[in-house]
Amino acid sequence: MAAAGAGRLRRAASALLLPAPRLPARELSAPARLYHKKVVDHYENPRNVGSLDKTSKNVGTGLVGAPACGDVMKLQIQVDEKGKIVDAKFKTFGCGSAIASSSLATEWVKGKTVEEALTIKNTDIAKELCLPPVKLHCSSKSRPRMPAGLDSWG
């Protein structure tokens, strides 16, 4: 019984740290079959969740929302003196596809120059995650956020 209580506590703590509520595994199991394993992986194990110091001169912040579906996404990048992105963080309130797209976008921009990061297209993100057509709008939000963050650094 103690192990079950610890598991519930761990899940509750994880839910507080994630940008979107997580469903218990039994509720996620049926919808998860509709998503590619890459989406499920980025949703269950999002990379680079968090925030950077927005007052820092080398940090840029982009924010976009989609009132139609309720997604809100923030992307921050940290750029070194040579224009290379050395860190990226995101916070997303939205569906699993939106979280996965944000997570993947942060992985892809790290180590790139600002110019290289600007070449990433939402269709590239959607293709990598194998998003179904009904979820393509989720990846399109990760692309518009990047220029806002990229343009605001320095």
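Residues numbered from 1 in each chain as written. Predicted model: local features only at pLDDT ≥ 70, side-chain atom pairs only at ≥ 80, totals over all residues. Heavy atoms only, no water.

The name recorded for the protein chain in an unreviewed UniProt entry is Iron-sulfur cluster assembly enzyme ISCU, from Catagonus wagneri. A UniProt comment under Sequence similarities (unreviewed entry) is attached to the protein chain, and it reads "Belongs to the NifU family." (UniProt positions renumbered as here; feature names shortened; annotations may be inferred.)

Caption draft 1: Up close: the pairing of strand β2 (residues 71–79). Where β2 meets strand β3 (residues 85–93), eight bridges bridge the pair, whose relative direction is antiparallel. Looking across to β3, one finds that Lys74 is bridged to Lys91. Hairpin connection of β2 to β3: five residues between the antiparallel strands, including Gly83 at a positive phi of 85 degrees. (Pairing = 2+ DSSP bridges. Helix = DSSP H or I, 4+ residues; strand = E, 2+ residues; numbered from the N terminus.)

Caption draft 2: Examining the environment of Ser97 more closely. Tracing the backbone shows Ser97 in helix α4 (residues 96–109). Judged by relative accessible area, which is 0%, Ser97 ranks as buried. (Buried < 20%, exposed > 50% of the residue type's maximum accessible area, 1.4 Å probe, protein only.)

Caption draft 3: Structural detail: the environment of Arg47. Along the chain, the position of Arg47 falls in the loop between α3 (37–44) and β1 (59–66). The contacts of Arg47, once residues within four sequence positions are left out, are Asp41, His42, Phe90, Ser103, Thr106 and Glu107. At 2.8 Å, the side chain of Arg47 and the backbone oxygen of Asn45 are in polar contact. (Contact = heavy atoms within 4.5 Å. Polar contact = N/O pair within 3.5 Å; in protein donor to acceptor, adjacent residues only side chain to side chain.)

Caption draft 4: Highlighting the packing of α3 against α4. Two numbers describe how α3 lies on α4: the axes approach to 8 Å, and their chain directions differ by 80 degrees. On the basis of their axis angle, the class for α3 and α4 is roughly perpendicular. Contacts between α3 and α4 involve Val39, His42 and Tyr43 from the first element and Gly96, Ser97, Ile99, Ala100, Ser103, Leu104 and Glu107 from the second. Here the residues of the contact of α3 with α4 are counted per class, giving five nonpolar, four polar and one charged. (Axes fitted to C-alpha atoms, helices over the stretch in contact; angles between N-to-C directions. Parallel < 35°, antiparallel > 145°, perpendicular 65-115°, else oblique. Nonpolar A, V, L, I, M, F, W, Y, C, P; charged D, E, K, R; others polar.)

Caption draft 5: Examining unusual backbone geometry more closely. Although it is not a glycine, Asn48 adopts a positive phi angle of roughly 65 degrees. Here Asn48 lies in the loop between α3 and β1. A positive phi is found at Cys130, a non-glycine position, where the angle reads about 55 degrees. Among the structural elements, Cys130 can be located in the loop between α6 (122–129) and α7 (136–152).

Caption draft 6: Region of interest: the packing of α4 against α6. Contact geometry of α4 with α6 gives a least axis separation of 10 Å together with a crossing angle of 110 degrees. By the angle between their directions, the pair α4 and α6 is classed as roughly perpendicular. You can see that α4 and α6 cross each other, and the crossing is right-handed. Residues Ala100, Ser101, Leu104, Ala105 and Trp108 of α4 form the contact with α6, whose own contacting residues are Asp124, Ile125, Glu128 and Leu129. Partitioning the contact of α4 with α6 into residue classes produces six nonpolar, one polar and two charged. (Left-handed = near helix turned anticlockwise from the far one by under 90°.)

Caption draft 7: Highlighting a nonpolar patch on the surface. On the surface, Leu63, Val72 and Phe93 cluster together to form a nonpolar patch covering roughly 310 Å² of accessible area. As for its position among the elements, Phe93 is in strand β3. (Patch = residues over 30% accessible without salt bridge, like charges linked within 9 Å, V, L, I, M, F, W, Y side chains within 5 Å. Areas by Shrake-Rupley, 256 points an atom, 1.4 Å probe, with all protein chains shown as cover. Salt bridge = Lys/Arg side-chain N within 4 Å of Asp/Glu carboxyl O.)

Caption draft 8: Expanded view of the pattern of salt bridges. In the structure shown here, the tally under the stated rule is four salt bridges. Put simply, Asp87 and Lys110 hold a salt bridge, and the shortest N to O gap is 3.5 Å. Separated by 23 residues along the polypeptide, Asp87 in strand β3 and Lys110 in the loop between α4 and α5 (114–117) bring together distant segments of the chain. For Lys110, a relative accessible area of 33% corresponds to the partly exposed category. Where salt bridges share partners, they join Asp41, Arg47 and Glu107 into one cluster.

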